[in-house]
Amino acid sequence: MGLSVMASVSNPPVFVTGGTGYVGGRLIPRLLDAGYRVQALARSPERLRCRPWGRHPKLTIAAGDALDRKALVRAAAGCGSAFYLIHSMNAQKGHYADADRRAAANMVEAGHLGGLERIIYLGGLGAREHEALSPHLKSRHEVEDILTNGPVPVTILRAAMILGSGSASFEMLRYLADRLPVMVTPRWVRTPCQPIAIGNVLDYLIGCLTEPGTTGQTFDIGGPDVLTYQDLIQTYARVAGLRPRIIIPVPVLTPWLSAKWVHLITPVPASIAQPLAEGLAIPVTCQDRRILDLVPIRRMSAMEAIQTALARIRQEQVETCWFDGGGRLPPEWTTCGDAEYAGGTVMGGAHRIVLAGDEQTVWRAVTRIGGREGWYFAQLLWHIRGAMDRLVGGPGLRRGRRHPTDLRVGDGLDFWRVIALEPNRRLLLLAEMKAPGDALLEFVITPQTAGRVELKMVSRFLPRGLGGILYWYALLPTHQWLFEGMLRAVAARIGMKVVRGPEKTSIREPLVCRR
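Please read these numbers as outputs of a predicted model, since none were measured by experiment.

A.B. asks: Help me out: how do you make sense of the nonpolar core in this one?
C.D. replies: Nonpolar side chains in soluble globular proteins tend to be buried together. In terms of nonpolar packing, the biggest core is built from 48 residues, with Leu163, Phe170, Met172, Leu173, Tyr229, Leu232 and Ile306 touching the most fellow members. Discounting residues that sit within four places of it in the chain, leucine 173 has contacts with Leu163, Tyr229, Leu232, Ile233, Tyr236 and Ile306. Counting 40 residues, the second-largest nonpolar core is a separate cluster that includes Leu355, Ala435, Ile445 and Ala489.

A.B. asks: Got a minute to help me understand the sheet that holds strand E5 (residues 118-124) in this structure?
C.D. replies: Pairing between the strands of a sheet comes from backbone hydrogen bonds, and it takes one of two forms, parallel or antiparallel. Spatially, seven strands are ordered E3-E2-E1-E4-E5-E6-E11 in an open sheet, and the strand pairing comes out parallel. Strands with a single pairing partner mark the edges of an open sheet, and in this sheet they are strand E3 (59-63) and strand E11 (218-221). Taken pair by pair, the neighbouring strands of this sheet meet at an average axis angle of 20 degrees, ignoring direction. Docked against the sheet, helix H7 (residues 198-210) engages strand E1 (14-16), strand E4 (81-84), E5, strand E6 (154-159) and E11, running at close to 155 degrees with respect to E5.

A.B. asks: Any chance you could explain the pairing of strand E14 (residues 347-356) here in plain terms?
C.D. replies: Look at any regular strand and the pattern is simple: side chains alternate between the two faces of the sheet. Within E14, eight of the 10 residues are buried, which leaves it mostly tucked inside the rest of the structure. Sheet analysis places E14 next to strand E19 (residues 452-463), joined by 10 bridges and oriented antiparallel. Looking at E19, one finds that histidine 351 is bridged to methionine 457.

A.B. asks: Help me understand a nonpolar patch on the surface, please; the structure alone is not making it clear to me.
C.D. replies: A contiguous nonpolar patch, built from Leu466, Ile469, Leu470, Tyr473 and Leu476 and spanning about 490 Å² of accessible area, is present on the exposed surface. By the secondary structure assignment, tyrosine 473 is in helix H17 (residues 465-494).

A.B. asks: How should the pattern of salt bridges be read in this particular structure?
C.D. replies: If you walk through the whole model with that rule in mind, you get 26 salt bridges. Of the charged contacts in the structure, one is a salt bridge between arginine 30 and glutamate 319, with a shortest N-O distance of 2.9 Å. Here glutamate 319 lies in the loop between helix H12 (302-314) and helix H13 (332-336) and arginine 30 lies in helix H1 (residues 24-33), a separation of 289 residues in the sequence. Linking glutamate 442 and arginine 460 is a salt bridge whose minimum nitrogen-to-oxygen distance equals 2.7 Å. Taken as a pair, glutamate 442 in strand E18 (residues 437-447) and arginine 460 in strand E19 lie far apart in primary sequence, 18 residues in all. For glutamate 442, a relative accessible area of 5% corresponds to the buried category. For arginine 460, a relative accessible area of 8% gives the class buried.

A.B. asks: So what exactly am I meant to see when it comes to H1 here?
C.D. replies: Working note: α-helix, 3.6 residues per turn, so residues spaced by three or four point in the same direction. For H1, a buried count of eight out of 10 residues is recorded, marking the element as mostly surrounded by other parts of the structure. Taken residue by residue, H1 has Gly24, Gly25, Arg26, Leu27, Ile28, Pro29, Leu31 and Leu32 as its buried positions. Contacts made by the buried residues of H1 are with E1, strand E2 (38-42), E3, E4 and H7. Downstream of H1 by one or two residues, glycine 35 has phi in the positive range, about 100 degrees.

Here is what the cut-offs are and how they apply
- Residues numbered from 1 in each chain as written.
- Predicted model: local features only at pLDDT ≥ 70, side-chain atom pairs only at ≥ 80, totals over all residues.
- Heavy atoms only, no water.
- Core = buried A, V, L, I, M, F, W, Y, C linked by side-chain atoms within 4.5 Å.
- Buried < 20%, exposed > 50% of the residue type's maximum accessible area, 1.4 Å probe, protein only.
- Contact = heavy atoms within 4.5 Å.
- Pairing = 2+ DSSP bridges.
- Helix = DSSP H or I, 4+ residues; strand = E, 2+ residues; numbered from the N terminus.
- Axes fitted to C-alpha atoms, helices over the stretch in contact; angles between N-to-C directions.
- Patch = residues over 30% accessible without salt bridge, like charges linked within 9 Å, V, L, I, M, F, W, Y side chains within 5 Å.
- Areas by Shrake-Rupley, 256 points an atom, 1.4 Å probe, with all protein chains shown as cover.
- Salt bridge = Lys/Arg side-chain N within 4 Å of Asp/Glu carboxyl O.

Any functional reading would require information that these geometric values do not contain.
Take a look at the structure:
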């Protein structure tokens, strides 16, 4: 279905921003497969290196942030065309429009000083002049203006809802249809939209590289179907083998209220559901069809896109998820263990168990934790903590994980995020739950003599103020009971004999400094 292109090895590399995101994480391997050399910008290079294609000989990863002008200029130097795939979807970040504005201005300068031939930007559909245009779509248009006012030619592709396994739009649709046979919905469920399959988005992005006629142009891209969100819900129900959903539109549900409801029902947080809902409140359909002639591809229908997405989920072949590019970078103290630098005292505790067995078997159990597998012990307690986190705006447990067995740096894992991973030895998680401080949970596996292996669970917490200190000490007895129970459960799950423990132990290993 995709375009077949081969790039000359003599051509300069393609520069990709947003490579850890949903679209960028799928675009880079396709560029590599097509023969392009790729220079990818990432705030956390390890998030790209751990991908299946992360050490491809034609891939170079540059550490940097789009808000850091100098880093962006350095990363873009020597490249040919560039894909600009950066934008904010988080409504809780009050200054997202300013951040988008600054990043776009930096991209203009990087393109100019780096000698880029062209910038390709993926924006959003929605008429500028519409009175109900959402703040996020206004920001997309503002980014378009900033880029096009620069000296480097820009190709703009405008898309509405992207349907694909792991996309925020698809996950919102999937959970609503799966869980609610009867829905009271806002009136915008009857507003026309033109969704597009993620595969077709990638086809168009790569197609623009090989078609000179797209340079300096703006195009609307979409699938062949113009539908309402109500139509999409019923289409999903048919594909998933569900009964038709009863949908009752009412005028009182604003996008803000809708987002709060979506937050409680689906894994998508209100901060992301709100701009998605706002984007559907106005017609988002293609008004320009020129791209169909310039980049001819077979467009997938909405039903085909949903069928493909569901098949990928059931086959456990989800390449990227909506939460891949999210999450804050680890606080400084988590990568160098410098409590004084962080401005406080890191509190911690450790428990261990010694098992008769090998580290590979223990590692497999550790890396399957979370998601559908759960946390092996006190599942009700974990679910209560997840529900409490969800109620106050955190990710909770419903976010799950991208894959039931495969784990990589940057993955979301329920209300944690993987920030370090050393196979058969160490897994380090950073808490993204709402808490009065920064929390880490570490699993350390150490082989011993005579066919024995030690599994240690280490918790570290940097409190914020008195509330954070009280929070830590209030949970301390629970932590001891919980961690020792989890260690016993891991042993039982893999059928290993307990040689010693579980027991409290010291935290001997410092966090590895990477400054």
